[in-house]
Amino acid sequence: MTAITFYFFAAVLVISALLVITVRNPVHAALFLVLAFFSSAAVWLLLQAEFLAIALVLVYVGAVMVLFLFVIMMLDVNLAPLREGFARYLPLGLTVAALLVVTMAIVIRSGGINATAPAQDTVAGSNTQLLGQALFTDFLYPFEVAGAVLLVAIIAAIALTLRRRSRQLRTPAPGLQVAVRREDRVRIVKMDAEK
Amino acid sequence: MNALLIELPLAWPELALLLLGSVLLVVDTMVPGESRRATCLLAQVALVIVTVLVVAGAPAETNLAFSGHFVSDPMAAALKVAILLVSVMAFSYAADYFDEHGFFRGEFYILGLFAVLGMMVLISAHSLLTVYLGLELLSLSLYSMVALHRDSPSASEAAMKYFVLGALASGMLLYGMSMLYGMTGTLELSALSRAVADLGGNNIVLVFGLVFIVVGTAFKLGLVPFHMWVPDVYEGSPTAVTLFVSSAPKIAAFAMAMRLLVDGLWPMFPAWEGMLIVLSVLSMAAGNVIAISQSNIKRMLAYSTIAHVGFLVLGILSGTATGYAGAMFYAIVYAFMSLGSFGMVMLLSRRQWEHDRLDDFQGLARRSPWFALMMLILMFSMAGVPPFAGFWAKWFVIKEVIAAGHAWLAAVAVVFSVVGAYYYLRIIKLMYFDEPVAMAAPRAAPGVRILLSANALALFVVGVLPGALMALCIRAVGM
């Protein structure tokens, strides 16, 4: 039963990943990517990595891909120029890919991979709890470095996109707006009544 | 908890740098536009503080910390000091360049500090995970430093190429690591080494993983055939960024190769020795030959980097402690040579004008005899002419290669060094025997002039007295 489930989700994963790079419409590609994330989350669930599976769905499907779709729709990317080189580079790409696949197949067929499945941990406590403990004890140092990597990503993203347009941009001054009096805005004009 | 308190002091330099970098990030936003040098100065002060911490805490033996993810040993301390010194100098050159070109970004120094942090993490890495994280921290900072000059199309193009190829290389490296982890079940390098020895160095899956690890490392070092990014990135980036990218990260890439191949995969030495021989010969051949036909000095120096790195790898593949010391000597000397050479290119540059063609060196001896002499020292050192430091770097490495029984490899290395000498000597010919086209003397702030002169003269001093630095390298590698 587990095997059938695994093969089902694995097949969906591979097919949707292929479709991501072959469909014409970028919105469809993004949606297939969502499907790919979803099926890999299912594969992780089969491996009893519940926390990772949930995090994948929440973070990637829930946040990153929604943002991604949003950007695709906002930018309205013109795909024609992107596809120009496709036919030209296809033979070279296929050759390299075929070469890699053949060498990998030789390695796998040589019977070198006889990895046994990792022992099932029968420890008490949830997956999430164990993961948290490992992150903040054994993996504290890599965890902190990963934090620094994310900080650099933020700095770089802001430094590369933020442009200070001090002169062109006209922003209202909230202080002046609040301090405004009735006399500054409304002028009462006394007029004689119409005869 | 107690273990953590004992281990924490080993990582003081890294912690201090992270803290200072973050503080500077906030301070930079408050620095008014007029005092633009403030961020640079503060960043340099931060680097000096960290250098003092590294020197004060330099260990005499190997200490593991943080569950084996971190190692503090003499090699790490020596390489960190070298990287910090190189970075302080690179920042000084960069500040002058940015002043002249009217292009100032405080983020350059902050990203630079984080790049240095990444290099330090990489040097002290003792697990596959920290090697990867250190590398990413370094690479991400470098990509964005290259892209920082947003109005320049060439810089954007260079950053894009660097980023895409770098991401591909990181993917390769990770794939190789996952293979090794799958077979051995450990990330920690010494445990990995033991597990690999148990499985046997000829295990096909391990060799499979090793191939990807070597490819990833070769990309970061810029070895042929994974060198495509080097010339484009060097040429496209502002010279100040090229200067940084070409100097300190090479030392870090050397450390990465040492950690992964020597510390982690030593039982597979026969397998990676063969791979490195191929990469090294190809790099020396392609680098030196292609450099001859370049008319842009940044591009020429990029190909010369490829050739130098090919030479440096010879020291690693000799597989002895003295060989590693030779390669380490080479890496450090190369970083300073590269710093000086790109410093000279910056010295010639003018506002809105890079002056990075070979012709711009024509008749420099008339315009500025002193800096022509400095460039002469740098170029002789790069070419490996005695008595300059570059000669000893090549000498130590070749000696070890012969001792390791690869006399033919040493012969190939010497032949390509002679080929390479041509394009270094051509610059000297341009400076001393050709008529100047423009008579303008190079301009630079007095501080930078002194620093650049000191940089070049240091190569001469190390060339006359190579013993001290070499003794330091041997002690650092000490096996």
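Predicted, not measured: the structure shown is a model, and the values here were computed from it.

1. Some details on the overall build of chain A
Inference 1: When helices and strands are tallied, chain A shows nine helices and zero strands.
Inference 2: Mapped in sequence order, the helices and strands of chain A form the string α-α-α-α-α-α-α-α-α.
Inference 3: Taking the intrachain contacts of chain A between residues at least 6 apart in sequence as the baseline, contacts between residues at least 24 apart amount to 56%.

2. Let's talk about the overall build of chain B
Inference 1: Regarding its fold elements, chain B presents 21 helices and two strands.
Inference 2: On C-alpha atoms alone, chain B measures out to a radius of gyration of 21 Å, which is about the 23 Å that the 2.2 N^0.38 rule sets for 479 residues.
Inference 3: Along the three orthogonal principal directions, the C-alpha set of chain B runs to about 70 × 55 × 40 Å.
Inference 4: Taking all 479 residues of chain B together, 63% fall into the buried category.
Inference 5: Roughly 16,400 Å² of accessible area belongs to chain B as shown, and the carbon and sulfur atoms make up 71% of that amount.
Inference 6: Positive and negative side-chain charges of chain B, numbering 24 and 26 respectively, have mean locations separated by a distance of 7 Å.

3. Quick notes on the packing of helix α5 (residues 106-123) of chain B against helix α11 (residues 239-246) of chain B
Residues and elements named next belong to chain B.
Inference 1: Where α5 meets α11, the closest approach of the two axes is 12 Å, and the angle between their N-to-C directions is 10°. Considering the angle they form, α5 stands roughly parallel to α11. Residue-level inspection shows Phe-108, Gly-112, Ala-115, Val-116 and Met-119 of α5 in contact with α11, the latter providing Ala-240, Val-241 and Phe-244.
Inference 2: Looking at the contact of α5 with α11, its residues break down into seven nonpolar, one polar and no charged.

4. Concerning the packing of helix α7 (residues 153-184) of chain B against helix α9 (residues 204-221) of chain B
Residue and element names in this part refer to chain B.
Inference 1: Two elements in contact, α7 and α9, have axes whose closest approach is 8 Å; the angle formed by their N-to-C orientations is 150°. In terms of orientation, α7 and α9 fall into the roughly antiparallel class. In this structure, the crossing between α7 and α9 has a hand that is left-handed.
Inference 2: Of the residues belonging to the contact of α7 with α9, the class tally is 16 nonpolar, seven polar and one charged.

5. A word on the side chain of Ser-170 of chain B
All names here are of chain B.
Inference 1: On the secondary structure map, Ser-170 appears in helix α7.
Inference 2: A relative accessible area of 4% means that Ser-170 is categorised as buried.
Inference 3: Apart from residues lying up to four places away in sequence, Ser-170 is in contact with Tyr-132, Glu-136 and Lys-220.

6. Topic: the domain arrangement of chain A
Inference 1: As far as domains go, chain A holds domain 1 (1-78) and domain 2 (126-159).
Inference 2: For domain 1 of chain A versus domain 2 of chain A, the separation of C-alpha centres amounts to 23 Å.

7. Considerations on helix α14 (residues 297-317) of chain B
Residues and elements named next belong to chain B.
Inference 1: The terminal C-alpha atoms of α14, which comprises 21 residues, lie 30 Å apart, in line with the 30 Å expected from a rise of 1.5 Å per residue.
Inference 2: Among the 21 residues of α14, 21 are classified as buried, and the element is accordingly described as predominantly covered.
Inference 3: Two residues or fewer after α14 comes Gly-319, characterised by a positive phi angle close to 70°.

8. What to know about the packing of aromatic side chains
All names here are of chain B.
Inference 1: The tally for this structure, following the rule as stated, stands at 33 aromatic pairs over all chains.
Inference 2: Centre to centre, the rings of Tyr-143 and Tyr-162 are 4.9 Å apart; their planes meet at 85°, and the pair counts as edge-to-face. Residue Tyr-143 is located in helix α6 (residues 128-147), and its partner Tyr-162 is located in helix α7; the two are separated by 19 residues in the primary sequence. Judged on exposure class, the residue Tyr-143 and its partner Tyr-162 are both buried.
Inference 3: The aromatic ring of Phe-311 is capped on one face by Lys-394, whose charged end is 5.1 Å from the ring centroid.

9. With respect to the environment of Phe-371 of chain B
Inference 1: Structurally, the position occupied by Phe-371 of chain B is in helix α17 (residues 369-383).
Inference 2: Setting aside residues no more than four positions away along its own chain, Phe-371 of chain B makes contact with Met-344, Leu-347, Leu-364, Arg-449, Leu-452 and Ser-453 of chain B.

10. Topic: the confidence of the model for chain A
Inference 1: Mean pLDDT for chain A: 83, with 84% of residues reaching 70 or above.
Inference 2: Confidence scores differ between elements of chain A, with helix α4 (residues 80-83) of chain A showing the lowest mean pLDDT of 65 and helix α7 (residues 140-161) of chain A the highest of 93.

11. Quick notes on the interface of chain B and chain A
Where interface size is quoted, it is often the accessible area lost as the parts come together.
Inference 1: Contact with chain B, which involves 35 residues of that partner, is made by 27 residues of chain A.
Inference 2: Carbon and sulfur atoms supply 79% of the area that chain B and chain A bury against each other, a total of about 2,600 Å² over both sides.
Inference 3: Along the contact surface separating chain B from chain A lie four residue pairs in polar contact (both at pLDDT 80 or more).
Inference 4: It is α6 of chain B that provides the largest number of residues to the side of chain B that touches chain A, a total of nine residues.

12. What to know about the confidence of the model for chain B
Inference 1: The share of residues in chain B with pLDDT of 70 or more is 97%, and the mean pLDDT across the chain is 89.
Inference 2: Mean pLDDT across the elements of chain B ranges from a minimum in helix α1 (residues 2-7) of chain B, with 76, to a maximum in α6 of chain B, with 95.

13. Things to note about the nonpolar core
Residue and element names in this part refer to chain B.
Inference 1: Membership of the largest hydrophobic core comes to 197 residues, with the highest contact counts inside it found for Trp-272, Ile-316 and Met-328.
Inference 2: The greatest single-element share of this core, amounting to 20 residues, is contributed by helix α15 (residues 321-348).
Inference 3: Among all residues touching Trp-272, those that are not within four sequence positions of it are Leu-210, Val-214, Leu-261, Val-262, Leu-265, Trp-266, Ile-316 and Leu-317.

14. A few points about the side chain of Asn-296 of chain B
Residue and element names in this part refer to chain B.
Inference 1: You can see Asn-296 is positioned in the loop between α13 (269-292) and α14.
Inference 2: Reaching out from Asn-296, the side chain makes a polar contact with the side chain of Glu-235 at a distance of 3.5 Å.
Inference 3: Beyond its immediate chain neighbours, meaning those up to four positions away, Asn-296 contacts Glu-235, Asp-356 and Arg-357.

15. With respect to the pattern of salt bridges
Residues and elements named next belong to chain B.
Inference 1: Under the counting rule described, the total for this entry stands at 11 salt bridges over all chains.
Inference 2: Here Lys-80 and Glu-14 are joined by a salt bridge, their closest N and O atoms 2.8 Å apart. In this pair, Lys-80 sits in helix α4 (residues 74-101) while Glu-14 sits in helix α2 (residues 12-30), placing the two residues 66 residues apart along the sequence. Of the two residues, Lys-80 and Glu-14, neither departs from the other in class, the shared state being buried.
Inference 3: The closest approach of N and O atoms between Glu-157 and Lys-161, which form a salt bridge, is 2.9 Å.

16. Let's talk about a nonpolar patch on the surface
Inference 1: A surface patch of nonpolar side chains, amounting to about 440 Å² of accessible area, comprises Trp-44, Leu-47, Phe-51, Leu-52 and Leu-131 of chain A.
Inference 2: As for its placement among the helices and strands, Phe-51 of chain A is situated in helix α3 (residues 50-75).

17. So, unusual backbone geometry
Residues other than glycine predominantly adopt negative phi, and peptide bonds predominantly adopt the trans conformation.
Residues and elements named next belong to chain B.
Inference 1: Residue Pro-225 is bonded to the preceding Val-224 through a cis peptide linkage, with omega at 0°.
Inference 2: Here Pro-386 and Pro-387 are connected by a cis peptide whose omega angle stands at 5°.
Inference 3: Position of Pro-387 relative to the elements: it lies in the loop between α17 and α18 (389-403).

18. Some details on α5 of chain B
Inference 1: Its 18 residues give α5 of chain B an end-to-end C-alpha distance of 26 Å, which sits within 8% of 26 Å, the value for a rise of 1.5 Å per residue.
Inference 2: Burial runs high along α5 of chain B: 18 of the 18 residues are buried.

About the thresholds
- Residues numbered from 1 in each chain as written.
- Chains lettered and ligands numbered in written order.
- Predicted model: local features only at pLDDT ≥ 70, side-chain atom pairs only at ≥ 80, totals over all residues.
- Heavy atoms only, no water.
- Helix = DSSP H or I, 4+ residues; strand = E, 2+ residues; numbered from the N terminus.
- Contact = heavy atoms within 4.5 Å.
- Rg over C-alpha atoms; globule rule 2.2 N^0.38 Å.
- Buried < 20%, exposed > 50% of the residue type's maximum accessible area, 1.4 Å probe, protein only.
- Areas by Shrake-Rupley, 256 points an atom, 1.4 Å probe, with all protein chains shown as cover.
- Lys, Arg positive; Asp, Glu negative; His and termini not counted.
- Charge placed at Lys NZ, Arg CZ, Asp CG, Glu CD.
- Axes fitted to C-alpha atoms, helices over the stretch in contact; angles between N-to-C directions.
- Parallel < 35°, antiparallel > 145°, perpendicular 65-115°, else oblique.
- Nonpolar A, V, L, I, M, F, W, Y, C, P; charged D, E, K, R; others polar.
- Left-handed = near helix turned anticlockwise from the far one by under 90°.
- Domains from an automatic or database assignment.
- Expected span 1.5 Å × (residues − 1).
- Phe/Tyr/Trp six-rings, centres within 6.5 Å; stacked < 30°, edge-to-face > 60°.
- Lys NZ or Arg CZ within 6 Å of the ring centre and 35° of its normal.
- pLDDT = per-residue confidence, 0-100.
- Buried area = accessible area lost by both parts, 1.4 Å probe.
- Polar contact = N/O pair within 3.5 Å; in protein donor to acceptor, adjacent residues only side chain to side chain.
- Core = buried A, V, L, I, M, F, W, Y, C linked by side-chain atoms within 4.5 Å.
- Salt bridge = Lys/Arg side-chain N within 4 Å of Asp/Glu carboxyl O.
- Patch = residues over 30% accessible without salt bridge, like charges linked within 9 Å, V, L, I, M, F, W, Y side chains within 5 Å.

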